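If you want the building blocks of each chain, they are given just below.
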Amino acid sequence: MNQLLFYLVILLTNIIQGITGFAGTILAMPVSIDLVGYNTAQPILNFLGLLAGVYVAIGHRKSICFREVGKIILFMAAGIFAGFGLKHLVVGHEKILYVAFGCFILFIAVKGLVKTAGVKILEKKQLPSWESDAVLAGAGVIHGIFVSGGPLVVSYLSGRVLDKEAFRSTISTVWIVLNGIILASDIAAGLYTAPVVREQLISIPFLLGGMVIGGALFRRMQQRTFMLLTYVLLIASGILMLFK
């Protein structure tokens, strides 16, 4: 039953991923940890995030802002390796990570919800250079631990990529590279056991189903409406993490 619920979570959260280009993993991670455990959820969701990035980037490659992709990858890659180290330091004290992650989600979600409710989601308001660099490094740390650095990347990109198709394809391209780094780390750490690989293969059709549905909704409906929904779901996920 837990496995079936896990696949349903993958389907539903990747509908959101298909619409926005992010949030699929961050929405799926809290519930998935409960259903199948961190050591199963993390590698599977990371790999699916990579495939989702490929799915969007190939279909919309002409809209990708490669200059922004390069900068994001540079700073987030450094943060990812810092996140790897932090994850090993708190082995046996994972509750600390869950609470910290829950607070992080709630902060980003409430801020995003207020902003989205009042103004256009892709408002042209760039952060100072040093602050944007720190945001990207912090996104890398979160991504290295939970494969969920999307909200911080969104806060960076929202002032730089104003077209929603370019926004979606650019952030999806970032996940291809960064999730690839985490994939290599997971393989080296021995997380790819036979049961994990089996569940990963079974989950791919659910990912594709969610991406197809999300892509159709992306083309037909306003992004702002779905961003509001995404931030509401992020708040729910953050609360779940606080009580783990």
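The preceding data block contains the structure.
In what follows, the accompanying structure is described. (Residues numbered from 1 in each chain as written. Predicted model: local features only at pLDDT ≥ 70, side-chain atom pairs only at ≥ 80, totals over all residues. Heavy atoms only, no water.)

1. Re the overall build of the protein
For the protein, the count of helices and strands is ten helices and zero strands. Reading the protein from its N terminus to its C terminus gives the helix and strand order α-α-α-α-α-α-α-α-α-α. Against the globule reference of 18 Å for 244 residues, the protein gives a C-alpha radius of gyration of 16 Å, in line with a compact fold. If one aligns the C-alpha atoms of the protein with their principal axes, the spans along those axes are about 45 × 35 × 30 Å. Burial status across the protein gives 52% buried among its 244 residues. In the protein, 86% of the contacts between residues at least 6 apart in sequence involve partners at least 24 apart. (Helix = DSSP H or I, 4+ residues; strand = E, 2+ residues; numbered from the N terminus. Rg over C-alpha atoms; globule rule 2.2 N^0.38 Å. Buried < 20%, exposed > 50% of the residue type's maximum accessible area, 1.4 Å probe, protein only. Contact = heavy atoms within 4.5 Å.)

2. Quick notes on the nonpolar core
Counting residues in each nonpolar core, the largest one holds 62 residues, and the members touching the most others are Met76 and Phe146. Considering each element in turn, this core owes the most residues, eight residues, to helix α3 (residues 38-59). Excluding residues within four positions of it along the chain, Phe146 makes contact with Thr25, Met29, Tyr38, Leu97, Tyr98, Phe101 and Met241. (Core = buried A, V, L, I, M, F, W, Y, C linked by side-chain atoms within 4.5 Å.)

3. Considerations on a nonpolar patch on the surface
A cluster of nonpolar residues, Met1, Leu4, Leu5, Leu8 and Leu12, forms a patch on the protein surface that exposes about 520 Å² of accessible area. Position of Leu12 relative to the elements: it lies in helix α1 (residues 2-20). The exposure class of Leu12 is partly exposed, given its relative accessible area of 48%. (Patch = residues over 30% accessible without salt bridge, like charges linked within 9 Å, V, L, I, M, F, W, Y side chains within 5 Å. Areas by Shrake-Rupley, 256 points an atom, 1.4 Å probe, with all protein chains shown as cover. Salt bridge = Lys/Arg side-chain N within 4 Å of Asp/Glu carboxyl O.)

4. With respect to the environment of Ala52
Structurally, the position occupied by Ala52 is in helix α3. Taking C-alpha positions, Ala52 is 7.3 Å from Ser172, a pair spaced 120 residues apart along the chain. With residues up to four places along the chain from it excluded, the contact list for Ala52 reads Asn14, Gln17, Leu207 and Met211.

5. Brief notes about the packing of α1 against helix α8 (residues 164-188)
Where α1 contacts α8, the two axes come as close as 8 Å, and the packing angle between them is 120 degrees. The angle between the axes of α1 and α8 places the two elements in the oblique class. On the side of α1, the interface is formed by Gln17, Gly18, Ile19 and Thr20, while α8 contributes Phe167, Arg168, Ile171 and Trp175. Taken together, the residues that form the contact of α1 with α8 break down as four nonpolar, three polar and one charged. (Axes fitted to C-alpha atoms, helices over the stretch in contact; angles between N-to-C directions. Parallel < 35°, antiparallel > 145°, perpendicular 65-115°, else oblique. Nonpolar A, V, L, I, M, F, W, Y, C, P; charged D, E, K, R; others polar.)

6. Considering the side chain of Arg168
Among the secondary structure elements, Arg168 is positioned in helix α8. One buried charged side chain, Arg168, makes no salt bridge at all; its nearest oppositely charged neighbour is Glu165, positioned 6.4 Å away. Not counting residues within four places of it along the chain, the set of residues in contact with Arg168 comprises Gly18, Ile19, Thr20, Gly21, Val56, His60, Gly215 and Phe218. (Lys, Arg positive; Asp, Glu negative; His and termini not counted.)

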